[in-house]
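Architecture at a glance
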Amino acid sequence: MDGNVQTYKGRVVANGFRRINVVDYDDTFSPIAMFKSILVLIAIVAFHDYEIWKMDVKTYFLNGKLEEDVYMTQPEDAILIIGNNIPTLQSIKTWLSSCFSMKDLGETSYILGVKIYRDRSRRLLGLSQSAKEV
């Protein structure tokens, strides 16, 4: 890692209220990351003792321009900010807050419903799927 910030574009997939029964009616579509990808990021965080902060986008689905009516349930949208340069991480949070209505959730203790237990002195992260996020 050379310390440069990398950005990626994301795409939102709404709940399919136009589904066809028997064909795709029981499928669930959600704009979340693959859990394996999150585990890789958690391993990198533990190994390098990175910060892992979480922000919530309050109005994520209200910012797009649509020409048709879309009926959907708004999921909880969270952004993970990971790195070791705290001033840079703070500036990213400030920039995001200037672009969108954001809620700063601080150091994350849950990712996708999984509790994170952290022992920074030993560079360990533990995960528990039995814990419930409140």
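See the structure printed just above.
For clarity, every value in this text was computed on a predicted model and none was experimentally measured.

1. Points about the pattern of salt bridges
Under the counting rule described, the total for this entry stands at seven salt bridges. The salt bridge involving Arg 120 is made with Glu 51; its shortest N-O contact spans 3.0 Å. Linking Arg 120 in the loop between β5 (114-119) and β6 (124-128) with Glu 51 in strand β1 (residues 51-57), this pair joins segments that are 69 residues apart in sequence. The closest approach of N and O atoms between Arg 120 and Glu 107, which form a salt bridge, is 3.9 Å. Residue Arg 120 is found in the loop between β5 and β6, and its partner Glu 107 is found in strand β3 (residues 102-107); the two are separated by 13 residues along the sequence.

2. Re unusual backbone geometry
With phi around 55°, Asp 49 is a residue other than glycine that occupies positive phi space. Locating Asp 49 in the fold gives a position in the loop between α1 (35-48) and β1.

3. As for the side chain of Lys 54
The residue Lys 54 is located in strand β1 in this model. A distance of 3.1 Å separates the side chain of Lys 54 from the backbone oxygen of Tyr 110, its partner in a polar contact.

4. Some words on the sheet that holds β1
Taken together, three strands build an open sheet; the order of strands is β2-β1-β3 and the sheet is antiparallel. The sheet is open, and its two borders are formed by β2 (78-83) and β3, each paired with just one other strand. With direction set aside, neighbouring strand axes in the sheet form an average angle of 25°. In the sheet, β1 pairs with β3 via four bridges, with the strands oriented antiparallel. Among the inter-strand pairings, Trp 53 is bridged to a residue of β3, identified as Glu 107. Docked against the sheet, helix α2 (residues 86-99) engages β1, β2 and β3, running at close to 5° with respect to β1.

5. Some details on the pairing of β5
One ladder, built from two bridges, connects strand β4 (residues 110-111) with β5; its direction is antiparallel. Bridge assignment links Tyr 110 to a residue of β5, and that residue is Lys 115. Connecting the antiparallel pair β4 and β5 is a turn made up of two residues, with Leu 112 showing a positive phi of about 50°. The sheet contact formed by β5 and β6 spans five bridges and is antiparallel. Note that in β6 the partner of Ile 116 across the bridge is Leu 127. In textbook terms, the turn of a hairpin is the stretch between consecutive antiparallel strands, and for β5 and β6 this stretch comprises four residues, one of which, Arg 123, has a positive phi near 55°.

6. Description of the side chain of Lys 93
Within the element layout of this structure, Lys 93 appears in helix α2. Within polar-contact distance, the side chain of Lys 93 engages the side chain of Asp 104 at 2.8 Å. Setting aside its immediate chain neighbours within four residues, Lys 93 contacts Trp 53, Met 55, Ile 81 and Asp 104.

Each value, and the rule that gives it
Residues numbered from 1 in each chain as written. Predicted model: local features only at pLDDT ≥ 70, side-chain atom pairs only at ≥ 80, totals over all residues. Heavy atoms only, no water. Salt bridge = Lys/Arg side-chain N within 4 Å of Asp/Glu carboxyl O. Helix = DSSP H or I, 4+ residues; strand = E, 2+ residues; numbered from the N terminus. Polar contact = N/O pair within 3.5 Å; in protein donor to acceptor, adjacent residues only side chain to side chain. Pairing = 2+ DSSP bridges. Axes fitted to C-alpha atoms, helices over the stretch in contact; angles between N-to-C directions. Contact = heavy atoms within 4.5 Å.

Any functional reading would require information beyond the geometric quantities listed.
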